[in-house]
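Geometric and topological summary
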Amino acid sequence: MNKHVLPVATRNVTEANDLRLFRTLEKLHFSGHLELTNLAGQKWDFYWLRGLIVHATGGTHAGRRWRRHLANHCPEIPIYVVAWQRDLDKIEASDFNINWEYTLLTHWLAEGRILHPQAAAVINGIVSEVLFDVAQSPDVSHQIWQDSSLSEPITGIEAGQSVASVLTLFKAWHKAGLSHISPNQAPIIRNQEQLKKLRKAKFYQKLTHILNTRHSLWDLAIKMQRHIMDVTTALMPCVRSGMLEMVDLPDLYVPKWRQKTPTIAVKQASEPSGLIACVDDSIWVRKMLEKLLTSAGYEFVGVSDELRAISTLLTRKPDLIFLDLVMPKANGYEICEQLRKLSRFRDTPIIILTGNDGYASRLRSNFAGASDFLSKPLDAEKVLTAIRKHLKEGVTS
């Protein structure tokens, strides 16, 4: 996937905040790559198209996660790395997609070896698990790259709905006292004699057979066709009594692939790309832009009171200004005209934001001295494209 790499800034966010970012990117119809990293160095990658998640990967068990969902939804495909590598080696470099997993799915679809619902089910299962891993990980930072080259995704997952589902599981997980347990861990038998006493129960008869080889809780849930909460809570009495112990598992090997690399180097987080201001009475618009722009490496200042906008802007001296057209006490035309009379803002790019995308509004914005015009609801790609354009070219009245 060819990427246009944006300047990047990272910052620590809480569990709630990093999942809120998903809703922001969904509302902004974001297209590109979101990378999350925790303090331990674990990374998760989410790929987006027009506000929908099209794939995710990363974490400690990318290989295991891929294998279990492939085995569950695509039983006709071999589940060993040599077979995957053989298929990857047959694919032309120009046909490689966002990562090796997605590339294999598109390749098997093209060959008719799997059906579209099967590929979509694999992606949906993977995205849900990756989101839960992120929710469990504290102190996560994020980076984004804008990219619109993915034209026909296998599936598009609504971020808000997926996040809501994962948060429901996350809360239930904590309420059940499982906050110290990861679904990536595996239960192993420590006291066989005690466990034998439970063999009358059908669940434990099947369980003792499965535990002869090490499987994570995610693996067990799929093998037993049970919800992850049901499997985990059923095992906890055995864990607490010492019959079972939760242990970490290494990941499985994954194939090597000829990953496409960005042609533009990422700037260091210590190199901000400019200060962007937004004058808008809507707290949602300000917060939305703040999340998007700080993730993309820009500094941000939001102004809620249009009557104090000019004094705030004179103090902060932004490199570009987003200006809402319709506000309770003053409109964007008036503020834009006043800003243009000041030498400090004579050449500063000013972009008008409005829900009225008519010719008359654009014409009046030009007369007021606006550099550009963006329609609401805002689109992430258009916002970032406008910023890059005007910070490079300056004011274009």
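Along every chain, residues carry numbers that run from 1 in the direction the sequence is written. Reporting in this predicted model follows two pLDDT cut-offs: at least 70 for local features of residues, and 80 or more for side-chain atom pairs to be given and counted; totals over whole chains, interfaces and linings ignore these cut-offs and use all residues. Each side-chain value is derived from all of the structure's non-hydrogen atoms; neither hydrogens nor water enter the calculation.

1. Remarks on the overall build of the protein chain
For the protein chain, the helix and strand inventory stands at 15 helices and 12 strands. Think of it in three bands: with a 1.4 Å probe and only protein chains considered, a residue is buried below 20% of the maximum accessible area for its type, exposed above 50%, and partly exposed in between. Within the protein chain, the fraction of its 397 residues that count as buried is 53%. Per element, the accessible surface of the protein chain, about 18,500 Å² overall, is 51% carbon and sulfur. Helix numbering and strand numbering both begin at the N terminus, where a helix is a DSSP run of H or I of at least 4 residues and a strand a DSSP run of E of at least 2. Accessible surface is estimated by sampling points in the Shrake-Rupley manner with a 1.4 Å probe; for residues, cover comes only from the protein chains shown.

2. Thoughts on the confidence of the model for the protein chain
By definition, pLDDT measures how confident the predictor is in each residue, and it falls between 0 and 100. Of the residues in the protein chain, 82% have a pLDDT of 70 or more, and the chain-wide mean is 83. Per-residue pLDDT, averaged within each element of the protein chain, yields its smallest value for helix H14 (residues 359-368) (53) and its largest for helix H2 (residues 62-73) (96). Note on contacts: a residue pair is in contact if any heavy atoms of the two residues lie within 4.5 Å. Between residues 1-17, whose pLDDT stays under 50, and residues either more than four places distant or in other chains, the model counts 70 contacts. A low-confidence stretch, residues 260-272 (pLDDT under 50), is modelled with 21 contacts involving residues beyond four sequence positions or located in other chains.

3. As for the sheet that holds strand S8 (residues 275-279)
For two strands to be treated as a pair, DSSP must find at least two bridges joining them. Strand order in the open sheet formed by 5 strands is S9-S8-S10-S11-S12, and the pairing between neighbours is parallel. Among the strands making up the open sheet, the edge pair consists of strand S9 (299-303) and strand S12 (372-375). Pairs of neighbouring strands in the sheet enclose a mean axial angle of 20 degrees, with direction left out of account. As a rule, the C-alpha atoms of each element are fitted with a line to give its axis, helices using only the stretch in contact, and angles between N-to-C directions run from 0 to 180 degrees. Set on the sheet, helix H11 (residues 283-295) makes contact with S8, S9, strand S10 (320-324) and strand S11 (350-354); between it and S9 the angle comes to about 175 degrees. Against the sheet, helix H13 (residues 332-340) contacts S10 and S11, and its axis sits at roughly 150 degrees relative to S10.

4. What about the sheet that holds strand S5 (residues 157-158)?
Spatial strand order, S4-S1-S2-S3-S5: 5 strands in an open sheet with antiparallel pairing. One side of each edge strand has no neighbouring strand; the edge strands of this open sheet are strand S4 (141-146) and S5. Here strand S3 (residues 52-58) runs beside S5; their pairing, made up of 2 bridges, is antiparallel. Bridge pairing links Leu52 to Glu158 in S5.

5. Some thoughts on the packing of aromatic side chains
Each Phe, Tyr or Trp ring (for Trp, its six-membered ring) is paired with any other whose centre lies within 6.5 Å, and the angle between the two planes then decides the class: stacked below 30 degrees, edge-to-face above 60, tilted in between. Scanning all chains against the criterion turns up 10 aromatic pairs. Plain terms: the ring middles of Phe22 and Trp48 are 5.7 Å apart, the flat faces sit at 40 degrees to each other, and that makes the pair tilted. Of the two residues, Phe22 is situated in helix H1 (residues 15-27) and Trp48 in strand S2 (residues 43-49); the sequence distance between them amounts to 26 residues. Neither Phe22 nor Trp48 differs from the other in exposure class; each is buried. Each ring, one from Trp66 and one from Trp100, has its centre 5.3 Å from the other, and the planes form 70 degrees; the classification is edge-to-face. One end of the pair, Trp66, is in helix H2; the other, Trp100, is in helix H4 (residues 100-111), with 34 residues separating them in the sequence. What makes Trp66 buried here is its relative accessible area of 0%. An aromatic cluster of three or more residues is present, and its members are Phe22, Phe30, Phe46 and Trp48.

6. So, the pattern of salt bridges
When charged atoms on two side chains of opposite charge get close, those side chains can pair. Here, a salt bridge means any side-chain nitrogen of Lys or Arg that lies within 4 Å of a carboxyl oxygen of Asp or Glu. For the structure shown, the criterion picks out 11 salt bridges. Taking the shortest distance from any N to any O, the salt bridge between Arg65 and Glu129 comes out at 4.0 Å. Of this pair, Arg65 sits in helix H2 while Glu129 sits in helix H5 (residues 116-136), and the two are 64 residues apart along the sequence. No difference in accessibility class separates Arg65 from Glu129, as the two residues are buried. The salt bridge involving Asp280 is made with Lys376; its shortest N-O contact spans 2.9 Å.

7. Considerations on the side chain of Thr37
Tracing the backbone through its elements, the reader meets Thr37 in strand S1 (residues 32-37). What makes Thr37 buried here is its relative accessible area of 15%. Look past the residues within four positions of Thr37 in its chain and what remains in contact with it is Gln42, Lys43, Asp139, Val140 and Ser141.

8. A short note on H2
Expected helix span is given by 1.5 Å per residue-to-residue step, counting one fewer step than there are residues. The end-to-end C-alpha distance of H2, which contains 12 residues, comes to 17 Å, matching closely the 16 Å that a straight helix rising 1.5 Å per residue would cover. Its buried side turned inward, H2 meets S3, helix H3 (81-90), H4, H5 and helix H9 (217-223).

9. Here's the deal with the nonpolar core
In a soluble, globular protein the nonpolar side chains are often hidden away together inside. Core analysis: the biggest nonpolar cluster contains 92 residues, and Phe22, Phe46, Trp66, Leu289, Leu293 and Phe322 have the highest contact counts within it. Per-element tally for this core: the top contributor is H5, with 10 residues. Those residues in contact with Leu293 that lie beyond four places of it in its chain are Ile276, Tyr298, Phe300, Phe322, Val383, Leu384 and Ile387. Nonpolar cores are built from buried Ala, Val, Leu, Ile, Met, Phe, Trp, Tyr and Cys residues. Side-chain atoms within 4.5 Å join them into one set. One finds Ala277, Val303, Ala309 and Ile310 within the second-largest nonpolar core, a separate group that totals 22 residues.

10. Quick notes on the environment of Trp66
Trp66 sits 35 residues away from Glu101 along the chain, and the two C-alpha atoms are 7.6 Å apart. Apart from the residues within four sequence positions on either side, Trp66 is in contact with Trp84, Trp100, Glu101, Leu104, Leu105, Trp108, Val122 and Ile126.

11. Overview of the packing of H2 against H5
Between H2 and H5, the shortest axis-to-axis distance is 9 Å and the interhelical angle comes to 145 degrees. Once H2 is placed against H5, the crossing between them reads as right-handed. Note on element contacts: H5 touches H2 through Gln118, Ala121, Val122, Gly125, Ile126, Glu129, Val130 and Asp133, opposite Arg65, Trp66, Arg68, His69, Leu70 and His73. Residues were grouped as follows: Ala, Val, Leu, Ile, Met, Phe, Trp, Tyr, Cys and Pro as nonpolar; Asp, Glu, Lys and Arg as charged; and all remaining residues, including Gly, as polar. Residue composition of the contact of H2 with H5, grouped by class: 6 nonpolar, 4 polar and 4 charged. Definitions for this section: a left-handed crossing has its near helix turned counterclockwise from the far helix by less than a right angle. A right-handed crossing has that turn clockwise.

12. Some words on the environment of Leu307
For Leu307, the location among the structural elements is in the loop between S9 and helix H12 (309-316). Given a relative accessible area of 59%, Leu307 falls into the exposed group. Between the C-alpha atoms of Leu307 and Pro328, which are 21 residues apart in sequence, the distance is 9.9 Å.

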